[in-house]
Amino acid sequence: MKFEQTFDYIVVGAGSAGCTIANRLSEDPNVSVLLLEVGAADTNSAIHKTDIQSMTSLWGSKLDWGYSTEQEQYLNKRQIAIAQGKVLGGSSSLNAMMYVRGNRRDYDSWSRLGNEGWSYEEVLPYFKKSEDYEGGASEFHGVGGPLSVIDYRNPAPVSQAFVNAAIELGYKGNNWDFNGSQQEDGAGFYQSTRTSNNQRCSTAVAFLNPILERSNFTVQTKALVTRLLISKNQVVGVEYSQDGTLHQVKAESEVIVSCGSFDSPRLLMLSGIGDANHLKSLNIPVVLDLPGVGLNLQDHLLLGVGYKCKQEQPSPNLLAEAGLFTRSGNNLDDSPDLQFFFGPVQFLEPEYLWDGPGFTFAPILIAPQSRGTVTLRSNNPEDLAIIHTNYLEKDADIKVLVKGIQLSRELVHTHAFDDFRGEELAPGADITNESGLREYIRKVASTVWHPVGTCKMGRDRNAVVDPQLKVHGIAGLRVADASIMPTITRGNTNAATIMIGEKAADMIIASR
Ligand SMILES: Cc1cc2nc3c(=O)[nH]c(=O)nc-3n(C[C@H](O)[C@H](O)[C@H](O)COP(=O)(O)OP(=O)(O)OC[C@H]3O[C@@H](n4cnc5c(N)ncnc54)[C@H](O)[C@@H]3O)c2cc1C
């Protein structure tokens, strides 16, 4: 190995977790940190705007990896495009900006699985540490952190009707805080990661821009990390390609892989860490047989239940203005398994759209039982991974979405919607029996872009990292991003991933 430079820490991937970790590690001026990102700087102006058109223009653009699943057996063999950011800020630079931390039970169950230090009480301080909440400090919110979080302002009348409808059905509501003492059973408006002057607050904006002047911190863009450099079961550095040249850099202390749920397992496997049979089949020398790498893929799935609206509505500032977390009733335990997005948009397949105003309920499966995989297509670091999500493989999952359609219809038929409710656009009022609803779900359900779990934390045979996020069986290497979640959080995954970054940095600093 011919190292060109040496750093104490090398962080691979400048996404939600990577930017957070690089910021916290480089707070100590005596420690040098290199952050490597394959994407470019976040100079595209659409990243920083918050209107829906600018945001959706980023999906499928060159700032998106362009991932798509293989043909999904339980979704009528459709291939589902799953956007992932390839730019400073990673997916936080093109996500929908909704700020939802998940349910306290998510973290308590991680802890019960043997991941000490990850209970809700133990992770709450890290959520608060990141946050600069415009609503002020409280037991559940922080102020003065790098990440600006704001409340939803001026919801459309029909979104207020959604909240009122939920109250009519017996839920709590109005100023409901999904990130407060109780997430479920109340309807409210979503908080978002935007600045007070209405710009996107990605992790590049929050955690990276303020530290670019630090002399102990280096960030390289357009730098594809092609493999980890390993000597005698110890990761000693990384190799990356930039402008057609290969570079090797040394990490004195550790390498932290934060490439997201598709590319963290991909980089481990390209480096010889993964299922030995899979690696051998691609002529990759096996460094460590770790069969769980790339398993346990989980994602949230949503679909639209759409209506014509009797009144024009103002354009929303978020993909979903209002929401609700509840139980489908199919669950054995008491945890919510159904989330709603709601807004004055037609979030529907093209064949269901109409020219006039509309609104959409989007029920979301938030505790899926089905599990997918990420594997390598080849041993070429330029090739995208193969993704099988197995969405809806388990019957329990489709049952939750059936209940989601039924509950949407209950909500729309409350008095609260009397001034708004028009004809049902999708699935269509004539589709009422369970088999028709299942058919609609398999035809239209799609991702909420929340892949997690492919380098899961734990202690069982398929665990990839331990509760300190150290990769089992090899020294000098941690994975810290959405891929370490043992089970997916009930809610949008950005806040949880930033929390993982905060906690990872704290654990690394504590272990010095
Ligand atoms: C379209 C979309 C909408 C979403 N909406 C929301 C939302 O509203 N609210 C919410 O909470 N969550 C949302 N999410 C999910 C959330 O943004 C992600 O869960 C979170 O950003 C994941 O963070 P991460 O650090 O795991 O990965 P990422 O943020 O994706 O970061 C990984 C980074 O690593 C880089 N990388 C990968 N491989 C390499 C390599 N070999 N060498 C160098 N660099 C590499 C990538 O380019 C990327 O920048 C959305 C996601 C998407 C894509």
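Owing to the predicted nature of the structure, the values given are computational and were not obtained by experimental measurement.

A.B. asks: Describe the site of the ligand, and please don't skip the residues or the numbers.
C.D. replies: Not every one of the 37 residues close to the ligand is listed here, only the nearest: Ser16, Glu37, Ser91, Thr493 and Asn494. Ala17 places a main-chain nitrogen or oxygen 3.1 Å from an oxygen atom of the ligand. A distance of 3.1 Å is found between an oxygen atom of the ligand and a side-chain nitrogen or oxygen belonging to Trp65. If the ligand stood free it would expose 1,000 Å²; the protein chains cover 98% of that surface. Of all the secondary structure elements, the ones that give two or more residues to the shell around the ligand are α1 (16-25), β10 (224-231), α8 (260-270) and α12 (494-510). Residues that form the shell around the ligand fall into these classes: 18 nonpolar, 15 polar and four charged.

A.B. asks: Kindly report on unusual backbone geometry, identifying the contributing residues and their values.
C.D. replies: Cis geometry marks the peptide bond from Ala426 to Pro427, where omega comes out at 0 degrees. Positionally, Pro427 belongs in the loop between β22 (421-426) and α11 (434-444). At Asn154, a residue that is not glycine, the phi angle is positive and equals roughly 50 degrees. Here Asn154 shows up in the loop between β5 (147-149) and α6 (157-168). Here Leu392, not a glycine, exhibits a phi torsion of approximately 65 degrees, which is positive. Examined against the element boundaries, Leu392 turns out to sit in the loop between β21 (386-388) and α10 (395-412). The buried category is assigned to Leu392, whose relative accessible area is 2%.

A.B. asks: Tell me about the packing of aromatic side chains, and please be specific about residues and values.
C.D. replies: Scanning all chains against the criterion turns up 21 aromatic pairs. Between Tyr67 and Phe262, the aromatic rings sit 4.8 Å apart at their centres with planes inclined by 55 degrees, giving tilted as the arrangement. Of the two residues, Tyr67 is situated in the loop between α3 (52-58) and β3 (98-99) and Phe262 in helix α8; the sequence distance between them amounts to 195 residues. Exposure class is identical for Tyr67 and Phe262. Each is buried. Relative to Phe361, the ring of Phe162 has its centre 6.0 Å away and its plane inclined at 50 degrees; by these criteria the two rings are tilted. A residue pair is termed long-range when its members are at least 10 positions apart, and Phe162 in helix α6 and Phe361 in strand β19 (residues 358-365) qualify at 199 residues. Among the aromatic side chains, those forming a connected cluster through ring pairs are Phe162, Tyr307, Phe340, Phe342, Phe359, Phe361 and Phe417. Lys86 extends its terminal NZ or CZ atom over the ring of Trp65, reaching a point 4.5 Å from the ring centre. Above the plane of the ring of Trp354 lies Lys308, whose end atom (NZ or CZ) is 4.4 Å from the centre.

A.B. asks: Talk me through the domain arrangement of the protein chain; I want residue IDs and the actual numbers.
C.D. replies: Splitting the protein chain by domain gives domain 1 (1-65 + 82-115 + 200-296 + 452-512) and domain 2 (153-189 + 301-367 + 392-444). The gap between the C-alpha centroids of domain 1 and domain 2 is 33 Å. With both chains or domains summed, domain 1 and domain 2 bury close to 1,500 Å², and 53% of this area falls on carbon and sulfur atoms. Counting across the interface, domain 1 meets domain 2 through two salt bridges. Between Arg105 and Asp334 there is a salt bridge, with its nearest N and O atoms 3.6 Å apart. On inspection of domain 1 and its partner domain 2, the count reaches eight residue pairs in polar contact (both at pLDDT 80 or more). Breaking the side of domain 1 that touches domain 2 down by element, the ones donating at least two residues are α3, β3 and α4 (104-112). Residue classes in the side of domain 1 that touches domain 2 are distributed as nine nonpolar, six polar and four charged.

The rules we used
- Residues numbered from 1 in each chain as written.
- Predicted model: local features only at pLDDT ≥ 70, side-chain atom pairs only at ≥ 80, totals over all residues.
- Heavy atoms only, no water.
- Near = heavy atom within 4 Å.
- Polar contact = N/O pair within 3.5 Å; in protein donor to acceptor, adjacent residues only side chain to side chain.
- Areas by Shrake-Rupley, 256 points an atom, 1.4 Å probe, with all protein chains shown as cover.
- Helix = DSSP H or I, 4+ residues; strand = E, 2+ residues; numbered from the N terminus.
- Nonpolar A, V, L, I, M, F, W, Y, C, P; charged D, E, K, R; others polar.
- Buried < 20%, exposed > 50% of the residue type's maximum accessible area, 1.4 Å probe, protein only.
- Phe/Tyr/Trp six-rings, centres within 6.5 Å; stacked < 30°, edge-to-face > 60°.
- Lys NZ or Arg CZ within 6 Å of the ring centre and 35° of its normal.
- Domains from an automatic or database assignment.
- Buried area = accessible area lost by both parts, 1.4 Å probe.
- Salt bridge = Lys/Arg side-chain N within 4 Å of Asp/Glu carboxyl O.

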